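Observations on the model geometry
Residue-level listing of the chains:
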Amino acid sequence: MADVLRSLRLGGRGDPARACALALGAEGVALSLLVGNGRMAEPLWCHPEVSARFEELQFTLGEGPGPDAVRTGSPVMEPDLDRVRPDRWPALLPPARDMGVQGVCCFPLGIGAIRLGVLTVLCDGDRTMSVQQSTDATALAAALTGALLNGDGRGSRNGSGNGGPALGLLLDRPTGLHRAAVHQATGMISVQLGVTMEEALLRLRAHAYSSERPLGEVADDVVARRLRFNDDDINGNNDASGNGDGLDDDMNGPYSPGDGKG
């Protein structure tokens, strides 16, 4: 892990998520940062592809070791998902096992009440995390936290940055949000229902879960005005025509951008 941190600080080329996974002896690694007023998790690093899918699953459901680590500010260590109580993450456990995730350990990025993101480590087939792996992951999370807290999170190429020469160059907060549609859809649902952004996101997640669709896909429908939420159907299953399928046959949606409605 020392070599990986040194490489990151020196601006080493390559995939940092892959390098961290190899150094940790893990099946996968993902790093997500909290952005926006809603503090939504935006993926920054993911390796391999199953790590990205697991991050998306947690984001869609709003439950799992990652959200718990962010909420509590403490690591959540579950190297064997088969030993987790079914009622702890009832919606997450079955699909996580289906995608081949056997164990997960999540390390929050932050200090005290400050929450910056979360480092997610997928455990290997042994379904354990050794003391050394835990120590290394904790050190990595601390280094990433330090880089993010160093002003705007960017180090300097010549080493003058307080957070290290180039570690911050790999930690720029996302400018083009991967989940921009979710942010926009949450705001639209908040206006449509007259509720807070937090409740609007819960309603969006509820619809995605009940329809067994990715959260981003449902958000795209809301933004494109193919799907509108209303108080008659808590999951947003009614469109303007009242046919109950949640989608309007007109791909422009029942409400045009200039009609003054959300």
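Nothing here was measured: the structure is a model prediction, and the numbers come from that model.

With 6 of 8 residues buried, strand β4 (residues 104-111) is to be regarded as a mostly interior element. Where strand β3 (residues 76-78) lies against β4, 3 bridges are found, and the strand directions are antiparallel. Bridge pairing in β4 links M77 to C105. Two strands pair when backbone bridges link them, and β4 and strand β5 (residues 114-122) are joined in this way by 8 bridges, in the antiparallel orientation. Residue pairing across strands places C106 opposite T120, the latter belonging to β5. Once β4 ends, the chain turns through 2 residues before running back antiparallel as β5, passing G112 with a positive phi of about 60 degrees.

A few words now on the packing of helix α3 (residues 49-61) against helix α8 (residues 197-211). Any two packed helices are characterised by the angle at which their axes cross and by the distance between the axes. Orientation of α3 relative to α8, taken along the N-to-C sense of each, is 120 degrees, at an axis distance of 8 Å. Taken together, the residues of α8 that come into contact with α3 (itself represented by F59, T60 and L61) are R205, A208 and Y209. Looking at the contact of α3 with α8, its residues break down into 4 nonpolar, 1 polar and 1 charged.

If you walk through the whole model with that rule in mind, you get 0 aromatic pairs. Directly above the aromatic system of F59 lies the positively charged group of R205, at a separation of 5.2 Å from the ring centroid.

For the rest of this paragraph, the subject is the nonpolar core. Counting 26 residues, the largest nonpolar core has L24, F107, L109, L119, V121, L140 and L144 as the members making the most contacts within it. The set of elements that each furnish at least two residues to this core consists of α1 (2-9), α2 (16-24), β1 (28-35), β4, β5 and α6 (131-149). Discounting residues that sit within four places of it in the chain, L109 has contacts with L31, I114, R115, L116, G117, V118, L119, A141, L144, T145 and L148. If you look at the next biggest cluster of nonpolar residues, it comprises 21 residues, including L34, L57, V84 and V118.

What counts and what doesn't
Residues numbered from 1 in each chain as written. Predicted model: local features only at pLDDT ≥ 70, side-chain atom pairs only at ≥ 80, totals over all residues. Heavy atoms only, no water. Buried < 20%, exposed > 50% of the residue type's maximum accessible area, 1.4 Å probe, protein only. Helix = DSSP H or I, 4+ residues; strand = E, 2+ residues; numbered from the N terminus. Pairing = 2+ DSSP bridges. Axes fitted to C-alpha atoms, helices over the stretch in contact; angles between N-to-C directions. Contact = heavy atoms within 4.5 Å. Nonpolar A, V, L, I, M, F, W, Y, C, P; charged D, E, K, R; others polar. Phe/Tyr/Trp six-rings, centres within 6.5 Å; stacked < 30°, edge-to-face > 60°. Lys NZ or Arg CZ within 6 Å of the ring centre and 35° of its normal. Core = buried A, V, L, I, M, F, W, Y, C linked by side-chain atoms within 4.5 Å.

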